[in-house]
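# Close look at the chain arrangement
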Amino acid sequence: MKNGYQKTVYACFLAYIVQAVVNNFVPLLFLTFQDTYGIPLSKITMLVTINFGLQLLVDLGSVGFVDRIGYRASMVTAHIFTASGLGLLAVLPDLLGNPFAGILVSVVLYAIGGGLLEVLVSPVVEACPSEHKEQTMSLLHSFYCWGHVGVVLVSTVFFRVCGIGNWKALALIWALVPLANAFIFTRVPMASLIGEGEKGLSIRELAGMKIFWVFMLMMTCAGASEQAVSQWASTFAEKGLGVGKTVGDLAGPLAFALLMGSARAFYGKYGEKIDLDRFMAGSSLLCVASYLCVSLVPSPVLGLAGCAVCGLSVGIMWPGTFSKAAASIPRGGTALFALMALAGDLGCSGGPTVVGMVSSCFGENLKKGILAAALFPLLLLLGIGMCRRCAGKRGEA
């Protein structure tokens, strides 16, 4: 890494840990919200939908202002919103008198920050002068997984030692992470994503490219494949498999995140020796198999194993699609990364929502919902084939 940009990459690694806190801390409290505040499962599902849905809107809106105010100011703003949302989560549910409204306001604030981070982190790393960008991108996204692991481990130990009733104190502790990284981003060097004298493609120009729409499909399915199991892993382990909260959090989200991070770190180290398309196609098939295991196999142990293997299978989907898009559309600029993040967040919102809705139709049966979500990795596999065909036609031309 040249000219001190390694510090920038490290700050981006920490930014993805912040993103992991945004997406995975509150789901550990779903049953707590249900028991403490009497919030029904339908409203709890709405929190997931609003979190990722608002991130989706921020992804789209960021195209208009990120280039104007710059990546540094945008990064600092994203971390401040995230810290505010996590901090107020400890205060607003009781202060407003309506617990759900308080939680919702907090979710809205940190979702704005999370949406900005999703748009910003990957292009900041892509802009840093380095070799083997595909491997660096995969390693970057592995830190989301390590953050996920850290959130589950630290939260589980905290709940075990201090009691689940003190979750508000932990929310304040997590808020310190984005606050610290906001300061770091005021200091590190930032590179330009587009070369001097060049101009990034507009949304209209991107929309006229067939390969762009293939990547949008793939990103949507990558987000849905990942979050359809990840967001419900703790609840599935507790209610569907009949284990306690501590075992549920450790055996569900933790195993999922560990294996997802391992897949990304593996490609980050050995990626130059591996065909990315084949790796992603094999991962998609493994993902389908894990969904079938979770939803159809009656054994609780095998069901938990299916959740973990799902994490391994989805690891390469998101960073792999990002890398393929950046290589195929080199002048995509902020618009490309913002729209790709939008598609991914659409999938992140749609995946858990489909699981929740189908589960409700079958008497709160999460296995039925997860079975329905097996459609997403199948569509991703279709997208990989379409991408190869588009690339082949461009080569012939």
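What you see is a predicted model; the values in this text were computed from it and never measured. (Residues numbered from 1 in each chain as written. Predicted model: local features only at pLDDT ≥ 70, side-chain atom pairs only at ≥ 80, totals over all residues. Heavy atoms only, no water.)

### Regarding the packing of helix 14 (residues 276-296) against helix 16 (residues 317-328)
It is the contact of helix 14 with helix 16, at a shortest axis distance of 10 Å, that shows an interaxial angle of 150 degrees. Viewed along their axes, helix 14 and helix 16 adopt a mutual orientation that is roughly antiparallel. Note on packing geometry: the crossing formed by helix 14 with helix 16 is left-handed. Residues Leu276, Asp277, Met280, Ser283, Ser284 and Cys287 of helix 14 lie in contact with helix 16, whose contacting residues are Met317, Gly320, Thr321 and Lys324. Partitioning the contact of helix 14 with helix 16 into residue classes produces four nonpolar, four polar and two charged. (Axes fitted to C-alpha atoms, helices over the stretch in contact; angles between N-to-C directions. Helix = DSSP H or I, 4+ residues; strand = E, 2+ residues; numbered from the N terminus. Parallel < 35°, antiparallel > 145°, perpendicular 65-115°, else oblique. Left-handed = near helix turned anticlockwise from the far one by under 90°. Contact = heavy atoms within 4.5 Å. Nonpolar A, V, L, I, M, F, W, Y, C, P; charged D, E, K, R; others polar.)

### Some details on the nonpolar core
Nonpolar side chains in soluble globular proteins generally cluster together in the buried interior. Judged by nonpolar contacts, the single largest core of 112 residues is most densely connected at Phe25 and Tyr291. Among the elements that take part in this core, helix 11 (residues 210-230) stands out by supplying twelve residues, more than any other. If sequence neighbours within four positions are ignored, phenylalanine 25 has contacts with Ala20, Leu89, Val151, Ser155, Phe159, Trp167, Leu170, Ala171 and Trp174. (Core = buried A, V, L, I, M, F, W, Y, C linked by side-chain atoms within 4.5 Å. Buried < 20%, exposed > 50% of the residue type's maximum accessible area, 1.4 Å probe, protein only.)

### Overview of the packing of aromatic side chains
A complete count under the given rule lists eleven aromatic pairs for this structure. On the numbers, 6.1 Å between centres and 50 degrees between planes, the contact of tyrosine 10 with phenylalanine 13 is tilted. Taken together, the positions of tyrosine 10 and phenylalanine 13, both in helix 1 (residues 5-24) and three residues apart, correspond to about one turn of that helix. Taking the relative accessible area as the measure of exposure, phenylalanine 13 reaches 8% and is therefore buried. Judged by centre distance (5.2 Å) and plane angle (50 degrees), the ring pair of phenylalanine 266 and tyrosine 270 falls under tilted. Of this pair, phenylalanine 266 and tyrosine 270 both sit in helix 13 (residues 245-270), four residues apart, which is roughly one turn of the helix. (Phe/Tyr/Trp six-rings, centres within 6.5 Å; stacked < 30°, edge-to-face > 60°.)

### As for the confidence of the model for the chain
Averaged over every residue, the pLDDT of the chain is 83; residues scoring 70 or more account for 90%. Here helix 12 (residues 233-240) is the element of the chain with the lowest mean pLDDT, 64, and helix 9 (residues 167-184) is the one with the highest, 94. (pLDDT = per-residue confidence, 0-100.)

### Quick notes on the pattern of salt bridges
Once their charged atoms are close, side chains differing in charge can pair, the charge on each being opposite to the other. Throughout the structure, instances matching the rule amount to three salt bridges. Where lysine 168 meets aspartate 94, a salt bridge forms, and the shortest distance between an N and an O atom there is 2.0 Å. Residue lysine 168 is found in helix 9, and its partner aspartate 94 is found in helix 6 (residues 92-95); the two are separated by 74 residues along the sequence. Here aspartate 94 falls in the partly exposed class, since its relative accessible area comes to 47%. With a closest N to O distance of 3.3 Å, arginine 264 and glutamate 226 form a salt bridge. (Salt bridge = Lys/Arg side-chain N within 4 Å of Asp/Glu carboxyl O.)

### What to know about the environment of threonine 8
Turning to its location among the elements, threonine 8 is positioned in helix 1. With a relative accessible area of 0%, threonine 8 lands in the buried category. Residues threonine 8 and isoleucine 184, 176 residues apart in the sequence, show an inter-C-alpha distance of 8.8 Å. With residues up to four places along the chain from it excluded, the contact list for threonine 8 reads Val124, Cys128, Val188, Pro189 and Met190.

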